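So the chains spell out like this:
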Amino acid sequence: QENTVIPPYTPLTRTGNRIQLLGRDISLSPEGLPEKIQTWFSPEMTGMSRQPNPVLASPLQFVVRANGAEQPLSGGTLNYEKESAGTIQWKAVSGSKDLSMTVHGSLEFDGFIDYRVALTALNDMAVDDISLLMPLHKTAATYLMGLGQKGGYRPDAFHWQWEVATKNQDGAWIGNVNAGLQFSLRDEQYSRPLNTNFYLQKPLRLPTSWGNNNKGSIDITGAGDTVLVRCASGARALKKGDTLWYNFTLLITPFHTINTDFQWANRFYHRYSPIDTIVAAGATVVNIHHATAINPWINYPFIEFPAMKRYIDSAHRENLKVKIYNTVREVSNRAYETFPLRSLGHEIYSSGPGGGFSWLQEHIREDYIAAWFVPAIKDAAIVNSGMSRWHNYYVEGMDWLVKNVGIDGIYLDDVAFDRVTMKRIKRALTANNHPGIIDLHSANQYNKNDGFNNSANLYMEHFPYLNRLWFGEYFDYQANSPDFFLTEVSGIPFGLMGEMLEAGGNPWRGMVYGMTNRFPWDEHADPRNIWKCWDDFGMQGTSMIGYWSPNCPVKTSDANVLATVYRKTGKAMVSVASWAPENKPVTLAINWAALGIDPARARITAPAIRGFQEATVF
């Protein structure tokens, strides 16, 4: 439970009002709001830069407009209330002639900032608007994801309003590859909504302050070096003594550098198969889904655990790691605790229309949500209510599985718990130097049933503790642009790398981001030939320089054809992919000095990769 620092993160340090954390720092104003935020990641995301990347163009501030005039909230006194390696908390009091503002803030070691801001009326007043202004530096505002916008280049101007009944939208990520900020506007009684097809059955609560009976809005506009995010709440009348809570959260991205060597060395095998089959495939990590012989019951791996342990022991003898499907969102009706949990009303199980498999209708009867069902084994799951004491069971169960069954990590299929639970899980999985590998799969959440949110935006608070992404069903790898790949699929702007799923992905475009599909999930898309090419070249120890970096030493002659370089001493692998609608002849502009190769002695070849390309000498 204690917020101890989890590797690779480093303890927080404070000098005056400047707080430093891994790859980032923040300076606070007297009002307790961010005055300066900057990151130190290189454009390639493989190391640190000597020069900082500014995230803010100027300080955040609350501005009140009443009677046609602005009343900035200023004159603050800032005090630090708690300081530890994992968390620094502060409080600041400021105001204007009609309002008092009390800011409670806390920063955690992963870059998460939680703000609880109370605005109290000192007099009766008619307010035209109360807004939070977030002026971002344009170099850290290249891309936008969220608020109904697919991940991609930020539009020049953008307007949004609340619609919680159908839209799981309360904030967005704005950033560049190596510097960015996610913000989320919260009600003081915020409760995490359901997701993965169930958002409409438990949607967001409209914030009393920000939403203001749907008068609230967000506008994003750019001018000069500043991109201004204005979170407005509209007109209202306040009585003396009234208090409004303008709570919000921030996440400073990226969280850490990308670990390319982990990407090349860990080949995930996503199927329950005999150990010798997996070894022969060249995989190093196997994911054991539910509805398999050793993990049959969804999110309840405590019945067939002796068989699971035998399998894991045999895998470890072959230097294979084993991860299991285990999350919270729903739980099998085979759970021993089903009826005790039912006795707790809706603390553990969500309210809903009932139905589903006959056993549920006969025994649970009514007022529940029927979830995943496996006909072959009659595994009928029930949807959890969201945040509850069941998360304590989940954490304790994970700790037990590590110690008694030997799991090497978990495979998450979308996530229904919060970042606090994720941190607890990571601590349990990595205790005593266990590998604790976590990969997250998500089906595209940008649809009606999920409230038109972006998977990466929805799960960004969990990203600091993941090792890999697998996004996922309904992600279109053919029609979407490179900026969509970069922001919504690759994970690179957040310090992660990923894999593709839908229809096997696009192997050429995927390799520009260091991604393949996952074996043997799609029999028509086999990554083993690309894995072999990696090994033949020697991908371990390469320096990945993506097309998005101004330092990329190879560029193409067509803007729709992109190149990423994997550089080693004396040689380089160049991955080229096209987003052009038709075949394009291109030439490469090569910075030989940056590659460290003598062009007079250079040889350019394309190795034969079955299902990918024929051998060619250029």
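In case you missed it, the structure is sitting above this.
About the thresholds
Residues numbered from 1 in each chain as written. Predicted model: local features only at pLDDT ≥ 70, side-chain atom pairs only at ≥ 80, totals over all residues. Heavy atoms only, no water. Helix = DSSP H or I, 4+ residues; strand = E, 2+ residues; numbered from the N terminus. Rg over C-alpha atoms; globule rule 2.2 N^0.38 Å. Buried < 20%, exposed > 50% of the residue type's maximum accessible area, 1.4 Å probe, protein only. Areas by Shrake-Rupley, 256 points an atom, 1.4 Å probe, with all protein chains shown as cover. Lys, Arg positive; Asp, Glu negative; His and termini not counted. Charge placed at Lys NZ, Arg CZ, Asp CG, Glu CD. Pairing = 2+ DSSP bridges. Axes fitted to C-alpha atoms, helices over the stretch in contact; angles between N-to-C directions. Core = buried A, V, L, I, M, F, W, Y, C linked by side-chain atoms within 4.5 Å. Contact = heavy atoms within 4.5 Å. Phe/Tyr/Trp six-rings, centres within 6.5 Å; stacked < 30°, edge-to-face > 60°. Lys NZ or Arg CZ within 6 Å of the ring centre and 35° of its normal. 1 Å grid on protein atoms, 1.4 Å probe; cavity = no way out; pocket = protein on both sides within 12 Å on 5 of 7 lines; lining within 4 Å. Points joined across faces, edges and corners; volume = space filled by probe spheres on them. Patch = residues over 30% accessible without salt bridge, like charges linked within 9 Å, V, L, I, M, F, W, Y side chains within 5 Å. Salt bridge = Lys/Arg side-chain N within 4 Å of Asp/Glu carboxyl O. Parallel < 35°, antiparallel > 145°, perpendicular 65-115°, else oblique. Left-handed = near helix turned anticlockwise from the far one by under 90°. Nonpolar A, V, L, I, M, F, W, Y, C, P; charged D, E, K, R; others polar.

Colleague: Explain the overall build of the protein here, please?
Modeller: Helix and strand content of the protein: 13 helices and 39 strands. Relative to the 2.2 N^0.38 estimate, which gives 25 Å for 618 residues, the radius of gyration of the protein is 25 Å and therefore close to what a compact globule would have. For the C-alpha atoms alone, the extent of the protein along its principal axes is close to 75 × 70 × 45 Å. Residues counted as buried form 58% of the 618 residues belonging to the protein. Accessible surface computed for the protein: about 24600 Å², of which carbon and sulfur atoms make up 50%. Charge-centre separation for the protein: the mean point of 56 positive side chains lies 3 Å from the mean point of 59 negative side chains.

Colleague: I'm lost on the sheet that holds strand β28 (residues 379-383) in this one. Help?
Modeller: Backbone-to-backbone hydrogen bonds join strands into a sheet, with any given pair of strands oriented parallel or antiparallel. Read from one edge to the other, the open sheet built from three strands follows the order β26-β28-β27, with strand pairing classed as antiparallel. One side of each edge strand has no neighbouring strand; the edge strands of this open sheet are β26 (330-332) and β27 (370-374). Neighbouring strand axes in the sheet, compared pairwise and without regard to direction, differ in orientation by 25° on average.

Colleague: Mind showing me how you'd approach the sheet that holds strand β3 (residues 24-28) here?
Modeller: With antiparallel pairing, the five strands of this open sheet are ordered in space as β1-β2-β3-β4-β5. The sheet is open, and its two edges are formed by β1 (13-15) and β5 (48-54), each paired on a single side. Neighbour-to-neighbour, the strand axes of this sheet turn through a mean angle of 20°, independent of strand direction. Two elements, strand β4 (residues 34-41) and β5, share three bridges in a ladder whose sense is antiparallel. For Thr39, the partnering residue across the bridge sits in β5 and is Asn53.

Colleague: Honestly, the nonpolar core in this entry has me stumped. Any pointers?
Modeller: For soluble globular proteins, nonpolar side chains are generally found buried alongside one another. Counting residues in hydrophobic clusters, the biggest one holds 175 residues, and the most contacted among them are Phe62, Phe183, Phe248, Ile407 and Phe463. What Phe463 contacts, discounting residues up to four positions off in sequence, is Phe255, Leu440, Ala456, Leu469, Phe471, Phe494 and Leu496.

Colleague: Just to check I follow, could you spell out the packing of aromatic side chains for this structure?
Modeller: Two numbers describe a pair of aromatic rings. These are the distance of the centres and the angle of the planes. In the structure shown here, the tally under the stated rule is 42 aromatic pairs. Measuring from ring centre to ring centre gives 5.7 Å for Tyr269 and Phe519, while their planes differ by 70°; the resulting arrangement is edge-to-face. In this pair, Tyr269 sits in strand β23 (residues 268-269) while Phe519 sits in the loop between α11 (507-512) and α12 (528-537), placing the two residues 250 residues apart along the sequence. Each member of the pair, Tyr269 as well as Phe519, is classed as buried. Ring plane angle 85° and centroid distance 5.0 Å describe the contact between Phe305 and Trp400, whose orientation is recorded as edge-to-face. With a gap of 95 residues between them, Phe305 in helix α4 (residues 305-317) and Trp400 in helix α7 (residues 390-404) connect regions that are remote in the sequence. What makes Trp400 partly exposed here is its relative accessible area of 32%. Three or more aromatic residues joined by ring pairs form one cluster here, namely Tyr300, Phe302, Phe305, Tyr336, Trp390, Tyr393 and Trp400. Residue placement shows Arg419 over the ring face of Phe112; its charged tip is 3.9 Å from the ring centre.

Colleague: Can you help me understand empty space enclosed by the protein in this one?
Modeller: One way to see where empty space is left: roll a probe the size of a water molecule over the atoms. Evaluation of the coordinates by the stated rule reveals four cavities of 30 Å³ or more. Estimated volume of the largest cavity: approximately 60 Å³. What lines the largest cavity is simply Asn299, Tyr300, Phe302, Asn326, Thr327, Val328, Trp390, Tyr393 and Tyr394.

Colleague: Just checking my understanding: could you explain the pairing of strand β18 (residues 217-223) for this structure?
Modeller: Within a regular strand, side chains alternate between the sheet's two faces. Bridge count for strand β15 (residues 157-161) against β18 is five bridges, and the pairing is antiparallel. Looking across to β18, one finds that Ala157 is bridged to Thr221. Linking β18 to strand β19 (residues 226-232), which pair antiparallel, is a turn of two residues; within it Gly224 sits at a positive phi near 60°.

Colleague: Explain unusual backbone geometry to me, please; I cannot follow it from the model alone.
Modeller: Negative phi characterises most residues that are not glycine, and trans characterises most peptide bonds. Omega for the bond connecting Pro7 with Pro8 falls within 30 degrees of zero, at 10°, which places this linkage in the cis form. Tracing the sequence through the fold places Pro8 in the segment before β1. Note the cis peptide between Phe519 and Pro520, where omega equals -10°. Within the fold, Pro520 resides in the loop between α11 and α12.

Colleague: Explain the layout of surface pockets here, please?
Modeller: A volume near 1400 Å³ is recorded for the largest pocket. Considering the residues around the largest pocket, the lining is formed by 42 residues, among which Val574, Ile604, Thr605, Ala606 and Pro607 are closest to the centre. The set of elements that each furnish at least two residues to the lining of the largest pocket consists of α11, α12, β36 (571-578), β37 (588-590), α13 (592-595) and β38 (605-606). The element best represented in the lining of the largest pocket is β36, accounting for eight residues.

Colleague: Please explain a nonpolar patch on the surface as it appears in this structure.
Modeller: A contiguous nonpolar surface patch, about 190 Å² in accessible area, is contributed by Val574, Val576 and Leu588. Counting through the fold element by element, Val574 comes out in strand β36. According to the relative accessible area criterion, Val574 is partly exposed, its value standing at 33%.

Colleague: I would appreciate a short explanation of the pattern of salt bridges in the present structure.
Modeller: Where side chains of opposite charge bring their charged atoms close, a pairing between them can arise. Per the counting criterion, the structure on display carries 25 salt bridges. Among the ionic pairs, Asp187 bridges to Arg205, the shortest N-O distance being 2.9 Å. A residue pair is termed long-range when its members are at least 10 positions apart, and Asp187 in the loop between β17 (179-186) and α1 (208-211) and Arg205 in the loop between β17 and α1 qualify at 18 residues. Assessed through its relative accessible area of 48%, Arg205 is described here as partly exposed.

Colleague: I'm lost on the packing of α7 against helix α8 (residues 419-430) in this one. Help?
Modeller: When two helices pack together, you describe them by how their axes are tilted relative to each other and by the distance separating the axes. Contact geometry for α7 and α8: axes closest at 9 Å, N-to-C directions at 15°. Of the possible angle classes, the one that applies to α7 and α8 is roughly parallel. Handedness of the α7/α8 crossing: right-handed. Judged by residue contacts, His391, Asn392, Tyr394, Val395, Met398, Asp399 and Val402 of α7 engage Thr421, Arg424, Ile425, Ala428 and Leu429 from α8. Grouping the constituent residues of the contact of α7 with α8 by class yields seven nonpolar, three polar and two charged.

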